[in-house]
Structures are given as structure tokens and as C-alpha cells.
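Residue-level listing of the chains:
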Amino acid sequence: NAVIVKPHPNAILPAAISVRIAREVLAESGLDANLVTLFVTDVPADTQALAKHPAVASIDFTGGNAFGEWLYQNCRGKQIYAELAGVNNIVIDSTDNYKGMLRNLAFTLSLYAGQMCTTTQAILVPAGGIDTPDGKVPFDQVAADLGAAVDKFLSDPAVATAVLGAIQSPDTLARLASANQWGEVVLASKKIDHPDFPQAEVRSPVLLKCDASNEAAWMEERFGPIAFVVKVADTAAAIALSERVVN
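Below is a short write-up of the structure. Keep in mind that this is a model prediction, so the values were computed, not measured.

## Some points on the side chain of Thr120
Then, in step 1: In this structure, Thr120 sits in strand 6 (residues 120-126).
Then, in step 2: In contact with Thr120, other than residues within four places in its own chain, are Asn88, Asn89, Ile90, Thr108, Leu109 and Ala227.

## Some remarks on the packing of helix 4 (residues 98-110) against helix 5 (residues 139-153)
Then, in step 1: Contact pair helix 4 / helix 5: the axes reach a minimum separation of 8 Å and the direction vectors enclose 60°. It follows from the interaxial angle that helix 4 and helix 5 lie oblique. As helix 4 packs across helix 5, the resulting crossing turns out to be right-handed. Here helix 4 contributes Tyr98, Leu102, Leu105, Ala106, Phe107, Leu109 and Ser110 to the contact with helix 5, which in turn contributes Gln141, Val142, Asp145, Leu146, Ala149, Val150 and Phe153.
Then, in step 2: Classifying every residue of the contact of helix 4 with helix 5 gives 11 nonpolar, two polar and one charged.

## Observations regarding the packing of aromatic side chains
Then, in step 1: Summed over the entire model, instances satisfying the criterion amount to three aromatic pairs.
Then, in step 2: Aromatic side chains Phe67 and Trp70 sit 5.5 Å apart centroid to centroid with 10° between the ring planes, which places their arrangement in the stacked category. You can see Phe67 and its partner Trp70 sitting in helix 3 (residues 65-74), three residues apart, about one turn around the helix.
Then, in step 3: One aromatic cluster is present, formed by Phe61, Phe67 and Trp70 through successive ring pairs.

Parameters at a glance
Residues numbered from 1 in each chain as written. Predicted model: local features only at pLDDT ≥ 70, side-chain atom pairs only at ≥ 80, totals over all residues. Heavy atoms only, no water. Helix = DSSP H or I, 4+ residues; strand = E, 2+ residues; numbered from the N terminus. Contact = heavy atoms within 4.5 Å. Axes fitted to C-alpha atoms, helices over the stretch in contact; angles between N-to-C directions. Parallel < 35°, antiparallel > 145°, perpendicular 65-115°, else oblique. Left-handed = near helix turned anticlockwise from the far one by under 90°. Nonpolar A, V, L, I, M, F, W, Y, C, P; charged D, E, K, R; others polar. Phe/Tyr/Trp six-rings, centres within 6.5 Å; stacked < 30°, edge-to-face > 60°.

This is how it looks when you write it as C-alpha cells:
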């Protein structure tokens, strides 16, 4: 089956390099190099026309929900594999290693500055707190301790720049700058200077806390290093909310 690679306008070069290598391998094997081609455009209508073309039978797409939903609605009869945006969440009921859990979550929230489809955005914590070997830890304390764990983890600039990387999009920077509209700030985001790349936009995560009823804030994807500690009634309610979010 022939493959047409359509790169994002901001990532044409790496896609082109990959396609060139694939074509070289095909030619070396005595096959038609045109089994793999590159389609470059920044005109949405051109991409839509390609997706709807009758010769296209299968579409693999990774990206935003808007175009993904357009594919499902307008390319019926084709096989569509779409990885769309989502709100990844964690339910915390109890732990036998409280500090270890906090360190793990600090790393999770910091890695690549939250710019992955697997990054946790919502941490659902019962209003009555969580159980630990040392007793119940209240909701507010869990949020504060997590903020402190993130701050400590990123306190060494060498570690911070290596783990966070740089912010890719100006839209992400703008979203991060206005994040306090979605909840109470537990840990503010910081700008970190990169010694080797002085123009890199390196930012630490912002951690917010809010009530589960404020679904407009935390239940919508906030791409980038933005995370919420969400107060839920109890563990059962947290699990029910988790199911709603992932569905």
C-alpha cells in the first residue's frame, strides 16, 4: 500500500528526512520509491481534499480534536486511526510510600514540560484526604506537598532544563501565563534560563487546585505544564469522574 506523509507545517524537515530515507530503501530493494511520498501544505482545504480523495482508504492522524472529529464526520467509509487530545487523570486513594509517590508525580508533571499526550493533567483527591502509614493526609496538604515536591525536583537548573526541555508553541506560553484563571495556584510556573540555549523558553509546571464541580476548568485539555489537584467527594466519586473523563 502506498503511503502519503502529510507533516505539520512546523515539522516539515524531519518528516522530509524520514521520507527520503524510506524512498532510498525502497529503491535499493528494487521497489518503486513512490510508494512513500511527501505532501506539504499549510492550506487546510488541501489537507481535507487529500483526506477525502477516493484513492485514500486509510488515515492515521495525531493532533487536535477539531480536525480529528472532522475526519470522522467527513471521511466515512475510510479506516481512521486518530490519536486525539485528552485529559489524563490519576485517582489517589491511599499510598504506602507518600514521599515516593510525590517524587514520582513531580517527575511525571515535569517531563517534557507536559507537552506529551500521556502527561497527567488532573489528580483526583478525596476531600477527606488520603490514607498513608502515618495517618490521613488532608486534601490541602496533598496539594501543598506535591507543589513542594515539584519545586524541589526542579531546584537544580541542570536537572530542570534536561527534564523540562523547552516550550514548543507560543500558544502554550500564553496558556501557561493565564492558568491562574482556572484554579487556586499551589505552585506558580517559573522561567528557567538554559545555559546552552539562552533563547529557549523553559518553564516549570504550574500546579492548581480546584473543586471537582469546576469542570470547565480541569476537564478540558490544557496542553502544556498545567496540572490540577481536584477535590472530589470520595474515592468512589473520583473513579466515576475518571471514567467520564477518559470516555
